[in-house]
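One letter stands for each residue in the lines below.
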Amino acid sequence: MTAEPDSALHADAARPSRREQILQAAAQLFAERGSRSVGVDDVGAAVGVTGPAIYRHFASKDAMLAEMLLRISERLLAGAEQVLTDAGDDPADQLAGLIAFQVDFALDNPALITVQDRDLGALAEADARQVRRLQRRYVEHWVGVLAALAPEASTAECRARAHALFGLINSTPHSGGRLSRPAMQARLTAMALAAATA
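As annotated in an unreviewed UniProt entry, the protein chain carries the name TetR/AcrR family transcriptional regulator and comes from Klenkia terrae.

This is the structure:
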């Protein structure tokens, strides 16, 4: 069974560019084996080109990993900002929107969730700083919403709650195939809403 392409890597999922195809193949291989165990030739073979042809698109395997993690961090941040704009001023609507967005992202991008979790530490320091900065901004959107819903909670408690929610939702690479997508989406959403407001 082949995995569906991780949608966060494609500007147009119906017509991914060669660069996006390379990133998708790399994401799948990195998720299966870890970025350090995958060579450029492996990625090339997965997309039907020679390893050296990859260098027309990426300077190195590390450049693939960096772009992959930067793209998903940017996509998460932009998605959260759009959700908050669409939800208006009601923190309950904002939370429901953020949870729905994160659940969809996790279900649509299982390889990327695995790579982000396992291989962030393999990035060059400058790239890691940039990814962490984007991730902190994403987390702070959640913290703000959780704080609005529980004004008595400290910022540290809201941040811990946000990270716990990410852990719950991002467990999908380990559990996503056990239920149909709609069933898993409903289960994760219900569990996350309950955990967020407990």
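Trainee: So what exactly am I meant to see when it comes to the overall build of the protein chain here?
Mentor: The helix and strand tally for the protein chain stands at 10 helices and 0 strands. From first element to last, N terminus to C terminus, the protein chain shows the α and β order α-α-α-α-α-α-α-α-α-α. Put simply, of all contacts in the protein chain between residues at least 6 apart along the chain, 69% involve residues at least 24 apart. Carbon and sulfur atoms provide 53% of the accessible area of the protein chain, an area that totals close to 9800 Å². Placing the 20 positive and 24 negative side-chain charges of the protein chain at their respective mean positions leaves the two points 6 Å apart.

Trainee: Sorry, what's going on with helix H7 (residues 125–149) here?
Mentor: Helical geometry: 3.6 residues make up each α-helical turn, so side chains three or four residues apart lie on a common side. The terminal C-alpha atoms of H7, which comprises 25 residues, lie 36 Å apart, in line with the 36 Å expected from a rise of 1.5 Å per residue. Every buried residue of H7 is accounted for by Ala-128, Val-131, Leu-134, Gln-135, Tyr-138, Val-139, Trp-142, Val-143, Val-145 and Leu-146. Structurally, H7 contributes buried residues whose contacts are with helix H4 (61–87), helix H5 (91–108), helix H6 (110–119), helix H8 (155–169) and helix H10 (181–196).

Trainee: Just to check I follow, could you spell out the packing of aromatic side chains for this structure?
Mentor: The way to describe two aromatic rings as a pair is by their centre distance and the angle between their planes. Per the counting criterion, the structure on display carries 4 aromatic pairs. Between Phe-101 and Phe-105, the ring centres sit 6.4 Å apart and the planes meet at 45°, which makes this aromatic pair tilted. Residue Phe-101 and its partner Phe-105 are located together in helix H5, separated by 4 residues, close to a single helical turn. There is no split in this pair, since Phe-101 and Phe-105 are both buried. Where Tyr-138 meets Trp-142, the ring centres are 6.3 Å apart and the plane angle is 65°; that geometry is what we call edge-to-face. Taken together, the positions of Tyr-138 and Trp-142, both in helix H7 and 4 residues apart, correspond to about one turn of that helix.

Trainee: Explain the UniProt feature "DNA-binding region" (unreviewed entry) in the protein chain here, please?
Mentor: Taking the numbering used here, the UniProt-annotated feature "DNA-binding region" (unreviewed entry) corresponds to residues 39–58. The annotated region residues 39–58 carries 60% helix and 0% strand content, and the separation between its end C-alpha atoms amounts to 13 Å.

Trainee: Whenever I open this one, the nonpolar core confuses me. Can you help?
Mentor: Generally speaking, a soluble globular protein has its nonpolar side chains buried in company with each other. Grouped together as the largest cluster of nonpolar side chains are 60 residues, with contacts concentrated most on Val-43, Met-64, Met-68, Leu-69, Leu-123 and Trp-142. Contributions of two or more residues to this core are made by helix H1 (18–33), helix H2 (40–47), H4, H5, H6, H7, H8 and H10. Of all the elements, H4 adds the most residues to this core, at 12 residues.

Trainee: When you look at the environment of Leu-69 in this model, what are you seeing that I'm missing?
Mentor: Relative to the elements of secondary structure, Leu-69 occurs in helix H4. Residue Leu-69 is classed as buried on the basis of its relative accessible area, which comes to 0%. A C-alpha to C-alpha distance of 18 Å links Leu-69 and Thr-172, two positions 103 residues apart in sequence.

Trainee: I keep staring at the pattern of salt bridges and nothing clicks. Help me out?
Mentor: Once their charged atoms are close, side chains differing in charge can pair, the charge on each being opposite to the other. One pass over the structure, following the stated rule, counts 12 salt bridges. Asp-42 is paired through a salt bridge with Arg-33; the nearest N and O atoms lie 4.0 Å apart. According to the relative accessible area criterion, Arg-33 is partly exposed, its value standing at 39%. Across the salt bridge formed by Glu-140 and Arg-159, the nearest N and O atoms sit 2.9 Å from each other. Of this pair, Glu-140 sits in helix H7 while Arg-159 sits in helix H8, placing them 19 residues apart in sequence.

Trainee: Even after reading the chapter, I still don't get the side chain of Glu-20, so can you show me in this structure?
Mentor: Considering the arrangement of structural elements, one finds Glu-20 in helix H1. Of the residues examined, Glu-20 reaches a relative accessible area of 7% and is grouped as buried. Of the polar contacts made by the side chain of Glu-20, one reaches the backbone nitrogen of Ser-17; its length is 2.9 Å.

Trainee: What am I meant to see in the confidence of the model for the protein chain here?
Mentor: Low-pLDDT stretches of the model should not have their predicted coordinates read in fine detail. Chain-level statistics for the protein chain give a pLDDT mean of 90 and a share of 92% at 70 or above. Within the protein chain, no element has a lower average pLDDT than helix H9 (residues 172–175), which sits at 76, and none a higher one than H7, at 97.

Cut-off values and rules
- Residues numbered from 1 in each chain as written.
- Predicted model: local features only at pLDDT ≥ 70, side-chain atom pairs only at ≥ 80, totals over all residues.
- Heavy atoms only, no water.
- Helix = DSSP H or I, 4+ residues; strand = E, 2+ residues; numbered from the N terminus.
- Contact = heavy atoms within 4.5 Å.
- Areas by Shrake-Rupley, 256 points an atom, 1.4 Å probe, with all protein chains shown as cover.
- Lys, Arg positive; Asp, Glu negative; His and termini not counted.
- Charge placed at Lys NZ, Arg CZ, Asp CG, Glu CD.
- Expected span 1.5 Å × (residues − 1).
- Buried < 20%, exposed > 50% of the residue type's maximum accessible area, 1.4 Å probe, protein only.
- Phe/Tyr/Trp six-rings, centres within 6.5 Å; stacked < 30°, edge-to-face > 60°.
- UniProt positions renumbered as here; feature names shortened; annotations may be inferred.
- Core = buried A, V, L, I, M, F, W, Y, C linked by side-chain atoms within 4.5 Å.
- Salt bridge = Lys/Arg side-chain N within 4 Å of Asp/Glu carboxyl O.
- Polar contact = N/O pair within 3.5 Å; in protein donor to acceptor, adjacent residues only side chain to side chain.
- pLDDT = per-residue confidence, 0-100.

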